[in-house]
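Secondary and tertiary structure notes
What follows is the residue order along each chain.
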Amino acid sequence: MAAKTRPDGSAALSQYRDQHYKGSRTEQERALLKSTTLYVGNLSFYTSEEQIHELFSRAGDVKRIVMGLDKVKKTPCGFCFMEYYTRADAENAMRYINGTRLDDRIVRTDWDAGFKEGRQFGRGKSGGQVRDEYRTDFDEGRGGYGKLVQTKIRRRDP
Amino acid sequence: MSRRRRESYSDDEDDERSRKRRRTEVVDIEDRLESLITRVGEKSTSSLESNLEGLASVLEADLPNYKVKIMRILCQCVVSMPEKLTVYTTLVGLLNAKNYTCGGEFVEMLVRNLKESLKTGQWEEARMMVRFLSDLVNCHVLVAASVLQMFDNFIEVTLEDNIPQVRSDVYVYMVLSSLPWVGRELFEKKEAELNKLLDTVDSYISKRQKIHMPALRVWNVDEPHPQEEYLDCMWAQIRNLRNSKWLEKQILRPYLAFDSVLCDALQHTLPQIIPPSHNEEMVYPIPRVIFRLFDYTDVPEDTVLPGSHAIERYLIEEQIDRIIHTNHFERKDCAAALLSYPVKNKLPLNYMVVEVMFSQLFQLPCAPYLELFYGSTLIELCKLQPSSMPQVLAQASEMLFERIDHMHTICIERFVNWFSYHLSNFQLRWSWEDWSEVTSMDSEAPKAKFVREVLLKCLRLSYHQRIVESVPESFAAFLPIKPAPQYKYEQEGAGSLPGTTAAHALMNAIKSKCTPDEAAQLLRDLPNKFPNGDENDNPSYHPLKIDVFVSTLLYLGSKSFSHSFAAMAKFYPNLKSLTETEEAQIYLLKTIYNTWSTHQQRMVVLVDKLLRTEVVQCQAVANWIFSEQMQRDFTSMYVWEILHGTIKKMTKHVDQLQSEVDEARDKLDAAKRKEADGMEIFSDEEVPTEEMIERMEEKLETATSQQKNLFLIIFQRFIIVLTEHLARCESAGIDYNTTWYKWHHQLVFRYINTLESLLFTSDIDIHILEVFQQFCALRS
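Each chain carries its own residue numbering, running from 1 in the direction its sequence is written. Labels follow written order: the first chain is A, the first ligand is 1, and so on. Only residues with pLDDT of 70 or above have their local features reported here, since the model is predicted, and side-chain atom pairs are shown and tallied only from 80 upward, although totals for entire chains, interfaces and linings are computed over all residues. Derived side-chain values reflect all non-hydrogen atoms in the structure, with water molecules and hydrogen atoms excluded from consideration.

Quick word on the UniProt feature "coiled-coil region" (unreviewed entry) in chain B
UniProt positions are given in the numbering used here, feature names are shortened, and annotations may be inferred rather than shown by experiment. Residues annotated in UniProt with the feature "coiled-coil region" (unreviewed entry) correspond here to residues 647–674 of chain B. Comment: elements are numbered from the N terminus, with helices defined as DSSP H or I runs of at least four residues and strands as E runs of at least two. Split by type, residues 647–674 of chain B is 100% helix and 0% strand. Its first and last C-alpha atoms lie 41 Å apart.

Regarding the packing of aromatic side chains
Aromatic contacts are taken between Phe, Tyr and Trp rings whose centres are within 6.5 Å, Trp giving its six-membered ring; a plane angle under 30 degrees counts as stacked, one over 60 as edge-to-face, and the others as tilted. This structure, assessed with the given rule, holds 42 aromatic pairs over all chains. The interplanar angle of 75 degrees and the centroid separation of 5.0 Å between the aromatic rings of Phe138(A) and Tyr145(A) together place this pair among those described as edge-to-face. Per-residue accessibility, obtained with a 1.4 Å probe over protein chains only, is compared with the maximum for each type, and a residue is labelled buried under 20%, exposed over 50%, and partly exposed between these values. Overall, Phe138(A) belongs to the exposed group, its relative accessible area being 53%. Judged by centre distance (5.7 Å) and plane angle (15 degrees), the rings of Phe358(B) and Phe362(B) are stacked. Using a relative accessible area of 0% as the deciding quantity, one classes Phe358(B) as buried. Taking relative accessible area as the criterion, Phe362(B) reaches 0% and is therefore assigned buried. For a ring to carry a charge above it, either NZ of a lysine or CZ of an arginine must fall within 6 Å of the ring centroid while also lying within 35 degrees of the normal to the ring plane. Lying across the ring of Trp111(A), Arg87(A) places its NZ or CZ 3.6 Å from the centre.

Observations concerning the UniProt feature "domain: RRM" (unreviewed entry) in chain A
Mapped onto the present numbering, the UniProt feature "domain: RRM" (unreviewed entry) falls on residues 36–114 of chain A. Secondary structure across residues 36–114 of chain A divides into 23% helix and 39% strand, with the first and last C-alpha atoms of the span separated by 8 Å.

Focus: the pattern of salt bridges
Salt bridge, as used here: a side-chain nitrogen of Lys or Arg that lies within 4 Å of a carboxyl oxygen of Asp or Glu. Throughout the structure, instances matching the rule amount to 55 salt bridges over all chains. With a shortest N-O distance of 2.8 Å, Arg135(A) and Asp132(A) are connected by a salt bridge. Taken as a pair, Arg135(A) and Asp132(A) share a single burial class, namely buried. Among the charged side chains, a network of salt bridges with common partners joins Asp61(A), Asp608(B), Arg612(B), Lys648(B), Lys649(B) and Lys652(B).

Quick look at unusual backbone geometry
Residue and element names in this part refer to chain B. Between Glu223 and Pro224 the backbone carries a cis peptide bond, its omega angle lying at -5 degrees. With omega at 0 degrees, the peptide bond leading from Leu364 into Pro365 counts as cis. As for its position among the elements, Pro365 is in the loop between helix H15 (349–361) and helix H16 (371–384). Its identity as a non-glycine residue notwithstanding, Lys245 has a phi of 60 degrees, on the positive side. Mapping Lys245 onto the fold places it in the loop between helix H11 (230–243) and helix H12 (259–262).

A short note on the nonpolar core
With 100 residues, the main nonpolar core has Phe56(A), Phe358(B), Trp432(B) and Phe450(B) as its most contacted residues. Pairs of residues are marked as contacts when any of their non-hydrogen atoms sit within 4.5 Å. Ignoring any residue separated from it by four or fewer positions in sequence, one finds Trp432(B) in contact with Phe419(B), Leu423(B), Val451(B), Val454(B), Leu455(B), Ser470(B), Val471(B), Pro472(B) and Phe475(B). Throughout, nonpolar core names a set of buried Ala, Val, Leu, Ile, Met, Phe, Trp, Tyr and Cys residues whose side chains join them through atoms within 4.5 Å. Grouped together as the second largest cluster of nonpolar side chains are 90 residues, Leu33(B), Val40(B), Phe151(B) and Phe187(B) included.

Examining the interface of chain B and chain A
Facing 34 residues of chain B, the contacting portion of chain A comprises 26 residues. Note: buried area is the sum, over both parts, of the accessible area (probe 1.4 Å) each one loses when the two are combined. Regarding the contact of chain B and chain A, the summed buried area is about 2,600 Å², with carbon and sulfur atoms giving 42% of it. Contact with chain A buries area across many residues of chain B, yet Arg331(B), Leu372(B) and Leu461(B) alone supply 21% of it, more than any other trio. The interface formed by chain B and chain A contains six salt bridges. The residue Asp104(A) makes a salt bridge to Arg466(B) at a minimum N-O spacing of 2.8 Å. Pairs of N or O atoms are called polar contacts if they sit within 3.5 Å, as long as, within protein, a hydrogen donor faces a hydrogen acceptor (for residues adjacent in sequence, only side-chain-to-side-chain pairs). Taken together, the links from chain B to chain A amount to 19 residue pairs in polar contact (both at pLDDT 80 or more). Mapped onto the side of chain B that touches chain A, the elements with two or more residues apiece are H16, helix H18 (409–425), helix H19 (446–461), helix H24 (561–570), helix H27 (600–612) and helix H29 (637–676) of chain B. Examining the composition of the side of chain B that touches chain A, we find that six residues originate from one element, H18(B), more than from any other. Under the convention adopted here, Pro, Cys and the residues Ala, Val, Leu, Ile, Met, Phe, Trp and Tyr are nonpolar, Asp, Glu, Lys and Arg are charged, and Gly plus all remaining residues are polar. Residues that form the side of chain B that touches chain A fall into these classes: 10 nonpolar, 12 polar and 12 charged.

Right, dumping it as structure tokens:
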């Protein structure tokens, strides 16, 4: 019985909780446990909605994809929300897609409490995702170096 | 006074506490027992024998207090961990040697469970219990003769009249699949009786009907490997086992080490176990055909793959099947468990794992688990064994490709889906040169078609330039066209088209965010013509309006799926009012094709959306698929993807309406009962009225007749298409069994089941029945 309401293993909730969620922790967890929406991360900026659709439709019927956008440039910034019609299909995506590759990148999926207008935009200072502010590695699929490092490099240039 | 009360209070509390403590102790001990029992036989620093001996002593000590609990745990292990079957039979044997009553009570409990499983149709569990009981003979818990008696009772089912063959099959299978464990013992103690039993099985096997075979075969030829029905194959393996005096090399038998202890034990006689008689509701497992890919010549020289009729092949494959079953929710655990399966005798485990994975993926009519499960688990297997697994998979892919001419069309589809997915996870790297033979083949030849479809699917998961770069230049003809929308009103010659002015006006209006009404106004004065200027004398639809509106909308929304969907959502009223008739809906679909014929995935997704938003009906989609326009693409997999999706949605819709009606009925009935019992009905309980239910039933009836109609259309159109093909071949004097025939004929076969359940449950429509019989006759 316990397994039904709180799935174990790869379809279970992760430790991550969205800090911007409007509501209590308990409400948030309840919403996550019955959600049919996933957060999909570590995408290349160049990966299209169509590619994402093709991969995720192999886990079940896709209802809607909301591409994550840079809030300044309004271009894809490497994440999306994936909504399925049923919980079972979303669980299959968690089980069989999380950690596999799309466009040569390892895709990360996690439960999401459901898409709300405004959440499609990156929350980083420069418009993209926060992780792309502080990254120190060079990631071609995600605009090269992290934003902070980029500014430093630019400053050093004559 | 106050002090006394306090004392008594504290007394109570103490009592309460100690009760609690006792209860937690009991729970603790029970948990500990469960963990000890379920974990015996796992990897351990000490030997299995000493672990078993220790556990038997622990359990013996706990028997007086925890007997029922211990037995329940053991019974659970029988069905949930059949891979450790002999470990548990040995344990039961040791317990029985120490405590005869306990052994007897365990057998009683297991027999009760078995009878229940047979009654409720839990066939896999029943089979494991039968096998367990058989192995108890080896542990001196049961008398051989009484197990043989159970087998006799099971085999007698083959003599029953008027039963479906699947019923006798399942009982025969339960007996045969237990014989590797107990065959030797029965042979030594009851040879004559065993022979008699096997004779009955032999005559049953030789008389079985096998008309289901062609539908279940992955390969339609018996070269290089014969395609055998599962019971035939099992019987061949058992006959081989019999010829080797019932000795096999695969089963771990821990009880052999305890022979001196066990042989002194008293044995029990199994009570009579009579199969419950057949009834209409009983569902039996459907038959299978054994999938073979590898033989001993395909594996490395230092390993030995057991032949297809060696009992070892069966025993290992069954274990691999079980591991997949237990772990199918966790692909990483599954891959790890598969590769840590303990094999003896230099078996090529990775080959056997790959073969079983593909046998499940290609299983007809349906794979046991989601196709994506197999793909993602094969990736994990490659990650765990990077030095050998990718090569084995490449070898398997080569062999599947080599034999693709004889592969069932549905399996080719699954092969395409898996292969493209696998490539996209491994940088699209493949030695395409090895397959360059396809460049000189007929484009409909299975090999050529496979390559083209794989590249199309790779394109969906990647992008055009990437695909171009990943195949050799000689494959240029196989590359998909770069997807782009076709918009005639901006192409050369647009000036002479009757719709161009309106289209341009509409485009500007939509760009400046006009309302649906304003958009409709712009179309109002268009004449009822075809887009090329031809008159349309059918007043039930307006091709020019549809074409101008839909192609402009799609063109403007071409940037992504979301853009298309947003455009369709905003102008939903226009779409609805333009497509009130089926002709109009078909014309809408044609317009989509004209715009997006280079983007198959977009077509699939758009049709899905139009069906879900009820802009088009399922029947319109079916008629469009069979229309002249689509003939060109008729053997393309995406067309079948659309048709399959349409049928699936229709079926889901009917199922949902049915469950709504059932639920409402139940609620009303419950409320009526309550009322009759004089109980109060609370106003917050929503009780549906008779009228509400009637309305729901009307809706269901409409949907069911739509569903029937959909199948009728599909099959009628199919018959027409196939008959035309046969006639064409006859007049041209060529064999009808062309590749074209292959693509069509088998694809529709997947719906036979749905069709049968749809047609033969309720009132049979004579027209549908006719069509169905015609279709079946085509295959005979």
